[in-house]
Amino acid sequence: MNKKKRLTLQQEFEIMKLVLDKFLWLGFIVMGWGMYQSLSQASFLAGIWYMIAGAILLLLFVIIIVKEYEIVA
């Protein structure tokens, strides 16, 4: 039958870094777009929702990392 390959912890960590790196970029791009909207329009409120959405994406990034991997100090 079809056997699935098992990943080592190092391979799993490398894949997680590739995926979560996209969350990081996406969060900063959304926040940057919000800053651009706020500065290019007369109202600061125009881009604040984008900046909040970007911050939520970055918080999601932190929650996933803390939940998935134990941080040893």
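Predicted, not measured: the structure shown is a model, and the values here were computed from it.

Peer 1: Is there a simple way to explain a nonpolar patch on the surface in this structure?
Peer 2: Among the surface-exposed residues, L7, I15, L18 and V19 lie close enough to one another that they form a single nonpolar patch of about 380 Å² accessible area. Along the chain, V19 falls in helix α1 (residues 9-40). The partly exposed category is assigned to V19, whose relative accessible area is 46%.

Peer 1: In this structure, what is going on with the side chain of Q37? I would like to understand it.
Peer 2: Looking at where Q37 falls in the secondary structure, it is placed in helix α1. Beyond its immediate sequence surroundings of up to four residues, Q37 is in contact with S43, A46, G47 and Y50.

Peer 1: Would you explain the packing of aromatic side chains in this entry?
Peer 2: Ring pairs (aromatic) are described by centroid distance and by the angle formed between their planes. Using the criterion set out here, one finds one aromatic pair in the structure. With centroids separated by 5.4 Å and ring planes inclined at 35 degrees, the aromatic side chains of W33 and Y36 adopt a geometry described as tilted. Of this pair, W33 and Y36 both sit in helix α1, three residues apart, which is roughly one turn of the helix. The exposure class assigned to W33 is partly exposed, which follows from its relative accessible area of 42%.

Peer 1: Explanation requested: the environment of A53 in the structure shown.
Peer 2: Within the element layout of this structure, A53 appears in helix α2 (residues 45-68). Taking the relative accessible area as the measure of exposure, A53 reaches 33% and is therefore partly exposed. Spatially, the C-alpha atoms of A53 and F28 are 10.0 Å apart, while their sequence positions differ by 25 residues.

Peer 1: How should α1 be read in this particular structure?
Peer 2: The α-helix advances 3.6 residues per turn, and as a result positions three or four apart in sequence lie on the same side. Taking 1.5 Å as the rise per residue, α1 with 32 residues should run 46 Å; its terminal C-alpha atoms sit 46 Å apart, in good agreement. Those residues of α1 not exposed but buried are M16, L20, G27, V30, G34, Q37 and S38. In this fold, the buried residues of α1 make contact with α2.

Rules behind the numbers
Residues numbered from 1 in each chain as written. Predicted model: local features only at pLDDT ≥ 70, side-chain atom pairs only at ≥ 80, totals over all residues. Heavy atoms only, no water. Patch = residues over 30% accessible without salt bridge, like charges linked within 9 Å, V, L, I, M, F, W, Y side chains within 5 Å. Areas by Shrake-Rupley, 256 points an atom, 1.4 Å probe, with all protein chains shown as cover. Salt bridge = Lys/Arg side-chain N within 4 Å of Asp/Glu carboxyl O. Helix = DSSP H or I, 4+ residues; strand = E, 2+ residues; numbered from the N terminus. Buried < 20%, exposed > 50% of the residue type's maximum accessible area, 1.4 Å probe, protein only. Contact = heavy atoms within 4.5 Å. Phe/Tyr/Trp six-rings, centres within 6.5 Å; stacked < 30°, edge-to-face > 60°. Expected span 1.5 Å × (residues − 1).

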